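Each chain, letter by letter, is given below.
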Amino acid sequence: MVVNLERRKNYLLLSFNTEGKYNVFNSRFMIDMIDALDKVEKVRDVHYLVVRGENGNFGSGADIRELLKASTDKEYAKVFFGHMKDLFVKMMSINKVTIGLVENVAFGASMELLLILDVVLAKSGTRFAAPGGKLGVFPPVLVSIGPYILGHRASRKLAMLGEELDTKRALGVGLIDQEVEDLDKGLVEILERMKQMSPSSLVRMRKLILFSLIPYLDKAFEELSTQVITDEAREGIGSYLSKTSPSWTSVSFS
């Protein structure tokens, strides 16, 4: 099972392990996550959903081999990114307060998932990046709803430079809410603080904050499905797999 849903004391834990070195957004993961979120919605007496990657990391983003396939198959690209959009929409619409526990790496789509979680705790030493542009694609969630969550300047910088952030810089731009040494201890502390708030009020707050942003995803994923089948995307993804540099990196400005 790639995705596991457990009932803990007064919260639900949604954990995942795609069984490679890093957790990735592959088709099986996305379908399993959507199915798990359907189950989460049916649990009425628990109001908190904790999202956590297993295998010592949160995730490295879209599966590069599935991206390669998408770059050569227009219909596959539509299906692959359709699953991705559905997962983000489902998470944005969920009737639970969402808390992310992040460690080691959160890159690409995995980093973008943090944008729509209500509270994000990151273990010291975690690294964050949205390097899709280096592959000839782009981070659809960051460029569409990121400006409303992080601000326009921070979102552009993250997307257009693809630079890596440490936890302190991620905290500074609002990508995470707290840097902690112990994720489990940090989770208990944030849940203790949140229990002062009415659960139904919290759920309504998140819906009002996020629902208006969902339509922005449609255009971004439509554009990404087109971009991934361009020559530049095929070259960028192929260069990543072959550990070579794409042609556009050789352009001189001096």
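Treat the numbers as computed from the prediction; the structure is a model and nothing was measured.

Comments concerning the overall build of the chain
Scanning the chain from N- to C-terminus turns up twelve helices and eight strands. Its C-alpha atoms give the chain a radius of gyration of 18 Å, near enough to 18 Å, the size a compact globule of 254 residues would have. Counting only C-alpha atoms and orienting by the principal axes, one finds that the chain spans roughly 55 × 40 × 35 Å. Counting only residues that meet the buried cut, the chain has 50% of its 254 residues in that class.

Re the pairing of strand β4 (residues 97-102)
Within β4, six of the six residues are buried, which leaves the element mostly enclosed by the surrounding structure. Of the two faces of β4, both are covered, the one formed by Val97, Ile99 and Leu101 as well as the one formed by Thr98, Gly100 and Val102. Bridging between strand β3 (residues 48-53) and β4 involves five bridges; their strand directions are parallel. Bridged to Tyr48 within β4 is Val97. One ladder, built from four bridges, connects β4 with strand β6 (residues 119-123); its direction is parallel.

Comments concerning the sheet that holds β3
Taken together, the six strands give an open sheet; going across it, the order is β1-β2-β3-β4-β6-β8, and neighbouring strands pair in mixed fashion. For this open sheet the edge positions go to β1 (3-8) and β8 (178-180), each flanked by a neighbour on one side alone. Mean inter-strand twist for the sheet, computed between neighbouring axes without regard to direction, equals 20°. Pairing between β1 and strand β2 (residues 11-16): six bridges, direction antiparallel.

Re the side chain of Asn23
In this structure, Asn23 sits in the loop between β2 and α1 (27-42). A distance of 2.9 Å separates a polar side-chain atom of Asn23 from the backbone oxygen of Glu54. Every residue in contact with Asn23, bar those within four places of it in the chain, is listed here: Phe16, Asn17, Thr18, Gly53, Glu54, Asn55, Asn57, Phe58, Gly59, Ser60, Gly61 and Ser110.

Remarks on unusual backbone geometry
In this model, Asn10 sits at a positive phi of 70°, which is unusual for a non-glycine residue. For Asn10, a relative accessible area of 58% translates into the label exposed. The phi dihedral of Glu19 is positive, around 75°, even though this residue is not glycine. Tracing the backbone shows Glu19 in the loop between β2 and α1. Classification of Glu19 as exposed rests on a relative accessible area of 61%.

Quick word on the packing of helix α2 (residues 64-72) against helix α3 (residues 74-93)
Between two packed helices, what matters for the description is the angle formed by their axes and the separation of those axes. With their axes 5 Å apart at the nearest point, α2 and α3 run at an angle of 135° to one another. By the angle between their directions, the pair α2 and α3 is classed as oblique. The crossing of α2 and α3 is left-handed. Together, Glu66, Leu67, Lys69, Ala70 and Thr72 of α2 and Lys74, Tyr76, Ala77, Phe80 and Phe81 of α3 make up the contact between the two elements. Residue classes in the contact of α2 with α3 are distributed as six nonpolar, one polar and three charged.

Calculation rules
- Position numbers for residues count from 1 along each chain, tracking the sequence in the order it is written.
- Only residues with pLDDT of at least 70 are given local features in this predicted model, and only at 80 or more are side-chain atom pairs given and counted; all residues enter the totals for whole chains, interfaces and linings.
- The basis for every side-chain value is the complete set of heavy atoms in the structure, and neither hydrogens nor water enter the calculation.
- Runs of E in the DSSP output that reach at least two residues are strands. Runs of H or I that reach at least four are helices, and both are numbered from the N terminus.
- For a compact globule the rule gives 2.2 Å times the number of residues to the power 0.38, and the radius of gyration it is set against comes from C-alpha atoms.
- Exposure is judged per residue with a 1.4 Å probe applied to protein chains only, and the accessible area is read against the type maximum: over 50% gives exposed, under 20% gives buried, and values in between give partly exposed.
- Two strands pair if DSSP finds at least two bridges between them.
- Axes here refer to lines fitted to C-alpha atoms; in helices the fit is confined to the stretch in contact. Angles between the N-to-C directions go from 0 to 180 degrees.
- Two N or O atoms form a polar contact when they lie within 3.5 Å of each other; inside protein one atom must be a possible hydrogen donor and the other a possible acceptor, and for residues adjacent in sequence the pair counts only when both atoms belong to side chains.
- Contact between two residues is taken to exist if any of their heavy atoms lie within 4.5 Å; hydrogens are not considered.
- Reported orientations rely on four angle classes, namely roughly parallel under 35 degrees, roughly antiparallel over 145, roughly perpendicular from 65 to 115, and oblique for the rest.
- Handedness of a crossing is defined here by the sense of rotation of the near helix relative to the far one, left-handed for an anticlockwise turn of less than a right angle and right-handed for a clockwise turn.
- As a working rule, the residues Ala, Val, Leu, Ile, Met, Phe, Trp, Tyr, Cys and Pro are called nonpolar, Asp, Glu, Lys and Arg charged, and the rest polar, with Gly in that last group.

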